[in-house]
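Overview (structure and organization)
Here is how the chains run, residue by residue.
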Amino acid sequence: MANFSSPETPQPGKNWSPTEVVQKDTPNGNSLVRWWYRTTAMPEVGPDASFVKRETVRRSQLLSTVLFYYIIVVIVFLPCCLLLPQPAIVWADAGLVISSIGALFLNRKGYALIAALTVVVMFELMLTLALGLITPLDEPSIQLYDLYIMGELLAVSLLPARSVFIFAFCNCLIIIASLLYQPHTAFFNIDMQTQFIPTLIRPVALQFIVAGVSYVWVKSTTKAIARADRAEMVAKLEHALGDQKRELEEGIEQILQTHVAVANGHYNARAPLTQDNALWQIARALNTLLVRLQRAVLAEKELQRVEQAVSASVRAVQHAELQHRSPRLAFTQTAIDPLIAVLQGKTLAYTQSPLSQKETVYPQFPTEGVHLSQPGPTKYP
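Just so we're clear, the structure is a prediction, and the values are computed from it rather than from any experiment. Residue numbers here run from 1 along each chain, matching the order of that chain's written sequence. Where totals are concerned, whole chains, interfaces and linings use all residues; where local detail is concerned, this predicted model gives features only for residues with pLDDT of at least 70, and gives and counts side-chain atom pairs only at 80 or more. Computation of side-chain values: all heavy atoms of the structure, hydrogens and water removed.

1. A look at the environment of L154
This is how it is decided: By definition, any uninterrupted DSSP run of H or I lasting at least four residues is a helix, any uninterrupted run of E lasting at least two residues is a strand, and each is numbered from the N terminus. Contact between two residues is taken to exist if any of their heavy atoms lie within 4.5 Å; hydrogens are not considered.
Tracing the sequence through the fold places L154 in helix α6 (residues 148-158). Residues contacting L154, with those up to four places away along its chain left out, are V66, Y70, V119, V120, F123 and L159.

2. Looking at the UniProt feature "transmembrane region" (unreviewed entry) in the chain
The test is simple: UniProt positions are given in the numbering used here, feature names are shortened, and annotations may be inferred rather than shown by experiment.
Under the feature "transmembrane region" (unreviewed entry), the UniProt entry names residues 62-84, 90-106, 113-134, 154-180 and 200-218. Along residues 90-106 one finds 100% helix and 0% strand; the C-alpha atoms at either end are 25 Å apart. Between the C-alpha atoms that bound residues 154-180 the distance is 27 Å, and the span itself is 85% helix and 0% strand.

3. Notes on the packing of helix α4 (residues 89-108) against helix α5 (residues 112-133)
Worth spelling out the cut-off: Each axis is a line fitted through C-alpha atoms, and for a helix only the stretch in contact is used; angles between axes span 0 to 180 degrees, taken between their N-to-C directions. Any angle between 65 and 115 degrees counts as roughly perpendicular, while under 35 counts as roughly parallel, over 145 as roughly antiparallel, and the rest as oblique. Residue type decides the class: Asp, Glu, Lys and Arg count as charged, Ala, Val, Leu, Ile, Met, Phe, Trp, Tyr, Cys and Pro as nonpolar, and the leftover types, Gly among them, as polar.
For the pair α4 and α5, the least separation of the axes is 9 Å and the interaxial angle reads 180°. The angle between α4 and α5 places the two elements in the roughly antiparallel class. On α5, the residues that touch I89, A92, G95, L96, S99, A103, L106 and N107 of α4 are A112, I114, A115, T118, V119, M122, F123, M126, L129, A130 and L133. Its residues assigned to classes, the contact of α4 with α5 comprises 15 nonpolar, four polar and no charged.

4. Looking at a nonpolar patch on the surface
Note the threshold: Put simply, a patch holds well-exposed residues, over 30% relative accessible area, that have no salt bridge, with like charges counted together within 9 Å and Val, Leu, Ile, Met, Phe, Trp or Tyr side chains within 5 Å. Shrake-Rupley sampling with a 1.4 Å probe provides the accessible areas, and residues are treated as covered by the protein chains on show and by no other component. One side-chain nitrogen of Lys or Arg within 4 Å of one carboxyl oxygen of Asp or Glu is enough to make a salt bridge.
A surface patch of nonpolar side chains, amounting to about 380 Å² of accessible area, comprises F165, F169, L173 and F208. Element by element, the count of residues in the nonpolar patch is highest for helix α7 (residues 163-181), at three residues. Inspection of the secondary structure assignment puts F165 in helix α7.

5. Regarding unusual backbone geometry
The peptide bond linking T135 to P136 adopts the cis configuration, its omega dihedral lying at -5°. Tracing the backbone through its elements, the reader meets P136 in the loop between α5 and α6.

6. Notes on the nonpolar core
Inclusion rule: Nonpolar core, defined: a set of buried Ala, Val, Leu, Ile, Met, Phe, Trp, Tyr and Cys residues in which side-chain atoms within 4.5 Å join the residues together. The buried label applies to any residue whose accessible area, calculated with a 1.4 Å probe on protein chains only, is under 20% of its type's maximum; exposed applies above 50%, and partly exposed to all values in between.
By size, the foremost hydrophobic cluster in this structure holds 35 residues, and its most contacted members are L67, Y70, Y145, L154 and L179. When residues of this core are traced back to their parent elements, those giving at least two are α3 (51-80), α4, α5, α6, α7 and α8 (186-263). At eight residues, α5 tops the list of elements feeding residues into this core. Other than its neighbours up to four places away in sequence, L67 contacts S100, A103, L104 and V119. The next biggest cluster of nonpolar side chains, apart from the first, holds 10 residues, and it includes I255, V262, L279 and L290.

7. Observations regarding the packing of aromatic side chains
Selection rule: We call Phe, Tyr and Trp rings a pair once their centres come within 6.5 Å, taking the six-membered ring for Trp, and we label the pair stacked below 30 degrees between planes, edge-to-face above 60, and tilted otherwise.
In this structure the tally under the stated criterion is five aromatic pairs. Residues F68 and Y69 carry aromatic rings whose centres are separated by 5.1 Å and whose planes lie at 85° to one another, so their mutual orientation is edge-to-face. Each member of the aromatic cluster is reached from another via a ring pair, and the members are W35, W36, F68 and Y69.

8. Re a positive patch on the surface
Short version of the rule: Residues scored as charged are limited to Lys and Arg (positive) and Asp and Glu (negative), so that His and the chain ends carry no count. The location of each charge is read from NZ of Lys, CZ of Arg, CG of Asp or CD of Glu.
Together, R162, K219, K223, R227 and R230 make up a positively charged patch on the protein surface. Relative to the elements of secondary structure, R227 occurs in helix α8.

9. A few points about the confidence of the model for the chain
Note the cut-off: pLDDT is a residue-level measure of predictor confidence that goes from 0 to 100.
Taken over all residues, the pLDDT of the chain has a mean of 79, while the share at 70 or more is 82%. Here helix α1 (residues 18-21) stands out as the element of the chain with the lowest mean pLDDT, 44, in contrast to α7, whose mean of 93 is the highest. In the model, residues 1-24 has pLDDT below 50 throughout and makes 20 contacts with residues more than four positions away in sequence or in other chains. Note on residues 355-381: pLDDT is under 50 here. Beyond four places in sequence and across chains, it has 40 contacts.

See below:
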């Protein structure tokens, strides 16, 4: 079976990032389009932003795109209004241009909903004004009823989807009022007496058909976007959990290696974990324990040296007593050296100070410190 997966598709068991699962929308390469978005739409948000924030930015860009083509169409239609039977319609078209520019300003400031509502309401009002300026009403003029569909499409695309039924209902009321109360031509008045219901049903039915279809389409698109957002969130969570698992495994391995090193006698080993690691508190407590253990080991070694020095000094004193001489004890470079220094001249013969023994190297734990060839200045009692 052929493999239709592209090279960019993440495969199971491989390292991937959330940006590979849900591709980020890339702006059009056209510099004009990028400039238009920077000028008229809300600024882009990061991938870590909430769905509501990203959906707001998406709607802002959608409004900016719609208004880009909307303004072009309205400006192109502006000279054509002068050729209509009612040249005053040009003022309604000019009002659409002005309201669209104001909506772009509001959209840039972050008021996308207010900007969209301004565009839709102004379109409905200007179209109703243009319809009201056509007097008397004839059969070609009722084709303007179909333009109310544009207002519904703008509403369902830029506003909450349910609002399309509100505008469809309002459009139907305007159509009914126009057919009932707006002055008609003589021929159209005759047709209305016999064909009123068929003439009314077509634009009214068209309003609700477009409203229903567009509502289903927009809701389906919104649900698809929400599902894609949930898929992106799940991908991010799975990626974060994978990173956390690897971090925990690496931290546990480093702590285990530290334990092995200490067990082998390397008491200066430490767990090299930083504060951004999840096991940092455990590593910190372990390192504190190892510091105290190292100090205890050093203290034990020092105690052993002192014990050996004391034993050697006792043997030296006993040996001097057997020889009936004053004992002479060498400095041991341990904690008993101050005691030996204090006893000199009292019960011990003078020995060379450690400060003057720069070239003499004593053994770490001396076992013989008695010098019998030189009698001390103090007689042994």
